[in-house]
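The residues making up each chain are set out below.
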Amino acid sequence: GAVVSQHPSRVICKSGTSVKIECRSLDFQATTMFWYRQFPKQSLMLMATSNEGSKATYEQGVEKDKFLINHASLTLSTLTVTSAHPEDSSFYICSASYTSGGDNEQFFGPGTRLTVL
Amino acid sequence: EDQVTQSPEALRLQEGESSSLNCSYTVSGLRGLFWYRQDPGKGPKFLFTLYSAGEEKEKERLKATLTKKESFLHITAPKPEDSATYLCALSGGYNKLIFGAGTRLAVHP
C-alpha cells in the first residue's frame, strides 16, 4: 500500500521550453503533496507544499512563477517547470501524505530526472 | 532554526563489519525523526520513525535509536545490498520534513 508514482521518470528538453511532471498517489487519497529537488550528492530540498484544492505554499527562494504546482485532485499533483534553463536540471521528487497539518509519514515517488539542454 | 546534520558523509565497510551512522539535530519541539534509505536514481524509502528519547526500532540488520540530541542508525553485519544513501529527517511544522545531507554507505564483499 501507499504507492506514489511519477511521470515521466526522465525528461530532456531544450532551454526555454516548459516541462510538466505528474505525481500520483495510486492507492490512497493524498490531502497533502510535497515537491522536492535534489542535486547530485546533495539532500532533498523542499520546494513547495500543496493541499488539494488550494494554492501551493512555496519555500523561501523558490520562484512560484517558474515552478507551477497544481493539486487538482486527491490523487494527482503536477509540477510545471516553465521556461526551463540548464540550471533547472535536477532530480525532482514528490511525496504524499494522508492528512494535512499532522505528523504523518510521507510516501515518496521514484523521482523525475530533468535535463535541460 | 531546526537543523539536521549527518555524519559521516561517506562510509565504506567490509561485509559483516558493523557500524553506526549519526544524525544530530536541533529542534524547537521534536515531532518525529525519520530514517530513509535512498538508492541511486530513486526516491527515498521509509525505514523508521522515532518520536521520543529512548525509543528504539529494529528491522532486519538495522536498528534506530534516539536521544534528545541525536539519532543513530546501527547496521549489524551489513551485506552489499545494504549499500545506499541513508537520510535522516526531522518533522517540522505542517508535516514538512527537514532532511540531512545523508550518509553514503558502501558495503564491499
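## Concerning the overall build of chain B
For chain B, the count of helices and strands is zero helices and 11 strands. Written out in order from the N terminus, the α and β elements of chain B read β-β-β-β-β-β-β-β-β-β-β. Taking 109 residues into account, the globule formula puts the C-alpha radius of gyration at 13 Å, and chain B, at 13 Å, falls close to it. By the burial criterion, 44% of the 109 residues in chain B qualify as buried. Taking contacts inside chain B between residues at least 6 apart in sequence as the whole, the part at least 24 apart equals 54%. With 14 positive and 13 negative side-chain charges, chain B shows a spacing of 4 Å between the two charge centroids.

## Details of the overall build of chain A
When helices and strands are tallied, chain A shows zero helices and 11 strands. Traced from its N-terminal end to its C-terminal end, chain A shows the element sequence β-β-β-β-β-β-β-β-β-β-β. Here the C-alpha atoms of chain A give a radius of gyration of 13 Å, agreeing with the 13 Å that 2.2 N^0.38 yields for 117 residues. The principal-axis extent of the C-alpha atoms belonging to chain A is close to 40 × 25 × 25 Å. For chain A, buried positions account for 49% of its 117 residues. By element, 51% of the accessible surface of chain A is carried by carbon and sulfur atoms, the whole surface being about 5,700 Å².

## Observations regarding the pattern of salt bridges
In total, this model carries seven salt bridges over all chains according to the counting rule given. With a shortest N-O distance of 2.9 Å, E59 of chain A and K96 of chain B are connected by a salt bridge. A residue pair is termed interchain when its members come from two chains, as with E59 of chain A in the loop between strand 6 (57-58) and strand 7 (67-73) and K96 of chain B in the loop between strand 9 (84-91) and strand 10 (97-99). Accessibility expressed as a relative area gives 21% for E59 of chain A, which makes it partly exposed. Where K63 of chain B meets E56 of chain B, a salt bridge forms, and the shortest distance between an N and an O atom there is 3.3 Å.

## Some words on the state of the cysteines
Tallying each qualifying case throughout the model produces two disulfides over all chains. The partner cysteine of C23 of chain A in its disulfide is C94 of chain A, sulfur to sulfur 2.0 Å. In this structure the cystine formed by C23 of chain A and C94 of chain A twists about its S-S bond by roughly 80°; its chirality is therefore right-handed. In this pair, C23 of chain A sits in strand 3 (residues 19-25) while C94 of chain A sits in strand 9 (residues 90-97), placing the two residues 71 residues apart along the sequence. A residue is classified by how much of its surface remains accessible, and C23 of chain A, at 0% relative accessible area, is buried. Exposure remark for C94 of chain A: the relative accessible area of 0% places this residue in the buried category. Each sulfur of the disulfide joining C23 of chain B and C88 of chain B lies 1.9 Å from the other.

## Here's the deal with the pairing of strand 1 (residues 4-7) of chain A
Residues and elements named next belong to chain A. Across the two faces of strand 1 the burial differs, with V4 and Q6 buried and S5 and H7 not buried at all. Bridging between strand 1 and strand 3 involves four bridges; their strand directions are antiparallel. Residue S5 lies in a different strand from strand 3, and its bridge partner there is R24.

## Quick word on the sheet that holds strand 7 (residues 62-66) of chain B
Residues and elements named next belong to chain B. Spatial ordering of the open sheet is given by 1-3-8-7-6, a layout of five strands whose pairing is antiparallel. Only two strands of the sheet have a single partner each, and these edge strands are strand 1 (3-7) and strand 6 (56-59). The average angle at which neighbouring strand axes cross in this sheet is 15°, direction not considered. Relative to strand 8 (residues 70-75), strand 3 (residues 19-26) is paired through six bridges, and the arrangement is antiparallel. Bridged to S24 within strand 8 is E70.

## Topic: the pairing of strand 9 of chain A
All names here are of chain A. Counting buried residues in strand 9 gives eight out of eight residues, a clear majority hidden from the surface. What you see with strand 9 is no split at all: S90, Y92, C94 and A96 on one side and F91, I93, S95 and S97 on the other are buried throughout. Where strand 4 (residues 32-38) and strand 9 come together, seven bridges link them in antiparallel fashion. Looking at strand 9, one finds that F34 is bridged to S95. Here three bridges tie strand 9 to strand 11 (residues 112-116), and the two strands are oriented antiparallel to one another. Opposite S90, over in strand 11, you have L114 as the bridge partner.

## Some thoughts on the environment of E81 of chain B
Residue and element names in this part refer to chain B. Looking at where E81 falls in the secondary structure, it is placed in the loop between strand 8 and strand 9. Separated by 67 residues in the primary sequence, E81 and Q14 place their C-alpha atoms 12 Å from one another. E81 has contacts with R37 and R61, leaving out every residue within four places of it along the chain.

Rules behind the numbers
Residues numbered from 1 in each chain as written. Chains lettered and ligands numbered in written order. Predicted model: local features only at pLDDT ≥ 70, side-chain atom pairs only at ≥ 80, totals over all residues. Heavy atoms only, no water. Helix = DSSP H or I, 4+ residues; strand = E, 2+ residues; numbered from the N terminus. Rg over C-alpha atoms; globule rule 2.2 N^0.38 Å. Buried < 20%, exposed > 50% of the residue type's maximum accessible area, 1.4 Å probe, protein only. Contact = heavy atoms within 4.5 Å. Lys, Arg positive; Asp, Glu negative; His and termini not counted. Charge placed at Lys NZ, Arg CZ, Asp CG, Glu CD. Areas by Shrake-Rupley, 256 points an atom, 1.4 Å probe, with all protein chains shown as cover. Salt bridge = Lys/Arg side-chain N within 4 Å of Asp/Glu carboxyl O. Disulfide = S-S within 2.5 Å. Pairing = 2+ DSSP bridges. Axes fitted to C-alpha atoms, helices over the stretch in contact; angles between N-to-C directions.

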